[in-house]
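This is what each chain is made of:
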Amino acid sequence: MRKIAIIFGVTGQDGAYLSRLLLKKGYSVHGVKRRASSLNSYRIDDIYSDPLIKKNNFFLHYGDVTDSLSVFNLIKKIKPTEIYNLAAQSHVAVSFEIPEYTTNADALGTLRILESLVKLDQKIKFYQAGSSEMFGKVVETPQNEKTPFYPRSPYGVAKVYSHWITINYRESYNIFASNGILFNHESPLRGDTFVTKKVVKALCKIKYKKQKKLFVGNIYSKRDWGHAKDYVTAMWKILQYKKPEDFVICTGKQYTIKQFINMVAKKLGMPIFWKGKGLNEKAYDKNKNCIIECKKKYFRPAEVDTLKGDYSKARRLLKWKPENDINSLIDDMISYELDTILK
Ligand code: NDP
Ligand code: GDR
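One numbering rule holds for all chains: residues counted from 1, following each sequence as written. For this description, chains carry letters from A and ligands carry numbers from 1, given in the order in which they are written. Side-chain atom pairs in this predicted model are given and counted only at pLDDT of 80 or more, local residue features only at pLDDT of at least 70, and totals for whole chains, interfaces and linings cover all residues. To obtain the side-chain values, all non-hydrogen atoms of the structure were included, while hydrogens and water were left out.

Asker: Which parts of the structure should I look at to understand the pattern of salt bridges?
Answerer: Pairing is possible between side chains of opposite charge, provided their charged atoms come close. One side-chain nitrogen of Lys or Arg within 4 Å of one carboxyl oxygen of Asp or Glu is enough to make a salt bridge. Evaluation of the coordinates by the stated rule reveals 15 salt bridges. We note a salt bridge from Lys258 to Glu281, for which the minimum N-O separation is 2.7 Å. Taken together, the residues Lys258 in helix α8 (residues 257-267) and Glu281 in the loop between β13 (273-275) and β14 (282-284) connect sequence positions 23 residues apart. Members of the salt-bridge network, linked through shared partners, are Glu133, Arg223 and Glu303. Helix numbers and strand numbers start at the N terminus; a helix is a DSSP run of H or I with at least 4 residues, a strand a run of E with at least 2.

This is the structure in structure tokens:
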């Protein structure tokens, strides 16, 4: 049977990796992108020049998950066999600044897709991009599919709604709708304001004297970081499983932001040392120049202090495991940044 996928959020980090994966698997891929005044498709533009990918299988459409009509009309016109809902205002800190929009896109957006799917064709499979942010102030470690949620941001709360509405539609209409509960995943294509990309990009620039300082927020929160390339494979596997279920996808290892910074600096051959405490904690290079400072504006009103997942269910049922660890992830991100800076 011909496989036709719609990806809402195609212009984002995961949309770009998932598009490539599905195209290589022979799917027709229909990406939905928002209209913007400046170009926002840089992550997927090179799909058109990749000789390994058949161009006539990749289509872009304008749409927005806050616009029911566009969601309904696109599903009606494209007649997909699978829908991946990756569309979201995905920045946790920004969700405190624009909580209503975040809820509209990240919670009601999911409802709009599910409702259209149910009205149009109940055989379409649906993937919802859930997040470890739903665990928030964690009630147990490591977190698995049965761990209760305790979200700590408008973003996390909206994702909890999407998680449960996906389950509710699955149970009410007997559709194939699954949640991925994905822990942080990064890559060279990560947005510039997420902490890993911000750190790697800044330290590479500092090394080549193109930037003087990096400003960050809370460096003591811990995250379970994986590679986006591995995680989009998990999304696809979740929809190929014999029945709809929810899966935690993670590496099972956690590091603080400070440890991440130290690892990047070490790989770049730029030893740093830290001095001070709290907002006065700073990092210095070997010539005692201050290159990293903490700024209050990057702290969040409520923080998720620690996240560490347990992917046993995905390993057992999907035969999924992460192919990358923190080292290969950082190597990949550094190599991309250096190529960009030095070209
Ligand atoms: P990005 O922020 O890189 O991409 C989000 C995508 O959603 C972009 O294509 C963006 O478009 C699009 N989008 C935003 N608002 C709307 C809207 N109203 N209508 C249509 N599209 C919209 O996120 P990631 O690729 O990192 O993540 C993909 C999904 O997975 C998101 O839902 C995120 O919340 C979730 N997630 C991500 C994790 C991670 O660590 N990366 C972990 C767990 C979950 P534009 O380019 O125009 O902004
Ligand atoms: P997160 O990722 O909030 O976990 O959400 P982010 O990289 O933004 O923050 C991770 C941790 O780093 C701390 N931090 C900073 N964060 C940013 N962005 N910028 C800084 O300067 C900075 N300094 C310290 C944060 O406080 C936080 O503790 C990501 C997103 O992709 C979500 O969409 C996704 O659901 C979750 O991962 C899983």
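There is more to say after this.
Asker: Can you walk me through the pairing of strand β4 (residues 82-85) in this structure?
Answerer: On any regular strand, side chains alternate: one points to one face of the sheet, the next to the other face. Only protein chains enter the area calculation, which uses a 1.4 Å probe; residues under 20% of their type maximum are buried, those over 50% are exposed, and those in between are partly exposed. Residues Glu82 and Tyr84 point to one face of β4 and Ile83 and Asn85 to the other, with burial holding for every one of them. Should DSSP find at least two bridges between two strands, the strands are taken to pair. Bridging between strand β1 (residues 4-8) and β4 involves four bridges; their strand directions are parallel. Its bridge partner being in β4, Ile6 is matched across the sheet by Ile83. By the bridge criterion, four bridges tie β4 to strand β5 (residues 125-131) in an arrangement that is parallel. Its bridge partner being in β5, Glu82 is matched across the sheet by Lys125.

Asker: It is not clear to me how the site of ligand 1 should be interpreted in this structure. Could you clarify?
Answerer: Nearness of a residue to a molecule or strand requires only that one of the residue's heavy atoms be within 4 Å of it. Contacts to ligand 1 come from 26 residues, most closely from Thr11, Arg34, Asp64, Ser90 and Tyr155. The Shrake-Rupley method, run with a 1.4 Å probe sphere, supplies the accessible areas, and residue values consider only the shown protein chains as cover. Alone, ligand 1 offers 910 Å² of accessible surface; in the complex the protein occludes 91% of this. Contributing elements (two or more residues each) for the shell around ligand 1: α1 (13-24), β5 and α5 (154-173). The element contributing the most residues to the shell around ligand 1 is β5, with three residues. Classifying every residue of the shell around ligand 1 by side-chain character gives ten nonpolar, eleven polar and five charged. Only Asp, Glu, Lys and Arg are considered charged in this grouping, and only Ala, Val, Leu, Ile, Met, Phe, Trp, Tyr, Cys and Pro are considered nonpolar; every other residue, Gly among them, is considered polar.

Asker: Quick question: what am I supposed to make of the sheet that holds strand β2 (residues 28-33) here?
Answerer: Backbone hydrogen bonds are what pair the strands of a sheet, in a parallel or an antiparallel way. Read from one edge to the other, the open sheet built from seven strands follows the order β3-β2-β1-β4-β5-β6-β11, with strand pairing classed as parallel. Either end of the sheet is taken by a strand with one partner, and the two such strands are β3 (58-62) and β11 (247-249). Going from strand to strand, the sheet's axes swing by 20° on average, the running direction of each strand aside. Two elements, β5 and strand β6 (residues 177-182), share six bridges in a ladder whose sense is parallel. In the sheet register, Gly130 faces β6, and the bridge partner there is Ile181. Angles here are taken between N-to-C directions and fall from 0 to 180 degrees, while the axes themselves are lines fitted to C-alpha atoms, restricted in helices to the stretch in contact.

Asker: How should the site of ligand 2 be read in this particular structure?
Answerer: Lining the immediate environment of ligand 2, one finds 23 residues, of which Ser131, Tyr155, Ser221, Arg300 and Glu303 sit closest. Separating an oxygen atom of ligand 2 from a side-chain N or O atom of Lys198 is a distance of 2.6 Å. Look at ligand 2: alone it shows 700 Å² of surface, and the protein chains cover 95% of it. Among the secondary structure elements, those contributing two or more residues to the shell around ligand 2 are α6 (195-207) and β8 (214-216). When the residues that make up the shell around ligand 2 are grouped by side-chain class, the tally is eight nonpolar, nine polar and six charged. Nitrogen and oxygen atoms within 3.5 Å of one another constitute a polar contact, given that in protein one can donate a hydrogen and the other can accept it, and given that sequence-neighbouring residues count only through two side-chain atoms.

Just distances and angles here, no functional claims.
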